[in-house]
Amino acid sequence: MRTTLTLDDDVAVLLEKARRAKGQSFKQIVNEALRAGLVQMGAPGRRRHSFKTRHADLGRGLIGSLDDVSEALAAGEGETFQ
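Not measured: the values here are computed from a predicted model. (Residues numbered from 1 in each chain as written. Predicted model: local features only at pLDDT ≥ 70, side-chain atom pairs only at ≥ 80, totals over all residues. Heavy atoms only, no water.)

(A) Looking closely at the pattern of salt bridges. As enumerated under the stated definition, the model contains three salt bridges in all. For Arg19, the salt bridge is made with Glu16, and the minimal N-O distance between the two is 2.5 Å. With Arg19 and Glu16 both in helix H1 (residues 9-22) and three residues apart, this pair spans about one turn of that helix. When its relative accessible area of 27% is taken as the criterion, Arg19 is described as partly exposed. With a closest N to O distance of 3.5 Å, Glu16 and Arg20 form a salt bridge. Here Arg20 and Glu16 lie together in helix H1, a separation of four residues that amounts to about one turn. (Salt bridge = Lys/Arg side-chain N within 4 Å of Asp/Glu carboxyl O. Helix = DSSP H or I, 4+ residues; strand = E, 2+ residues; numbered from the N terminus. Buried < 20%, exposed > 50% of the residue type's maximum accessible area, 1.4 Å probe, protein only.)

And the structure:
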């Protein structure tokens, strides 16, 4: 099948490097890269390990409520909030 394909600059550079390194034609390199990429895309994703963080009780907050951002900023900057 013949087709026109527009490549991003970074992809074109990588394909050209692979072509020179392997001494193959551009067509062969593009087909090889597409096959490998499509196989990888169809494969199930790697299972990720769960990550858990430990909690720490820091006690009561120094500011009444952090829901009011302007109040929290005023308290942090030492201003009297009204």
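(B) Just the packing of H1 against helix H2 (residues 26-42), in detail. In contact at an axis separation of 9 Å, H1 and H2 are set at 115° when each is read in the N-to-C sense. With respect to their mutual orientation, H1 and H2 come out roughly perpendicular. Crossing of H1 over H2 shows right-handed handedness. Note on element contacts: H2 touches H1 through Phe26, Ile29, Val30, Glu32 and Ala33, opposite Leu15, Glu16, Ala18, Arg19 and Lys22. Residue composition of the contact of H1 with H2, grouped by class: six nonpolar, no polar and four charged. (Axes fitted to C-alpha atoms, helices over the stretch in contact; angles between N-to-C directions. Parallel < 35°, antiparallel > 145°, perpendicular 65-115°, else oblique. Left-handed = near helix turned anticlockwise from the far one by under 90°. Contact = heavy atoms within 4.5 Å. Nonpolar A, V, L, I, M, F, W, Y, C, P; charged D, E, K, R; others polar.)

Note that every value here comes from positions in space, so none of it alone points to a role or purpose.
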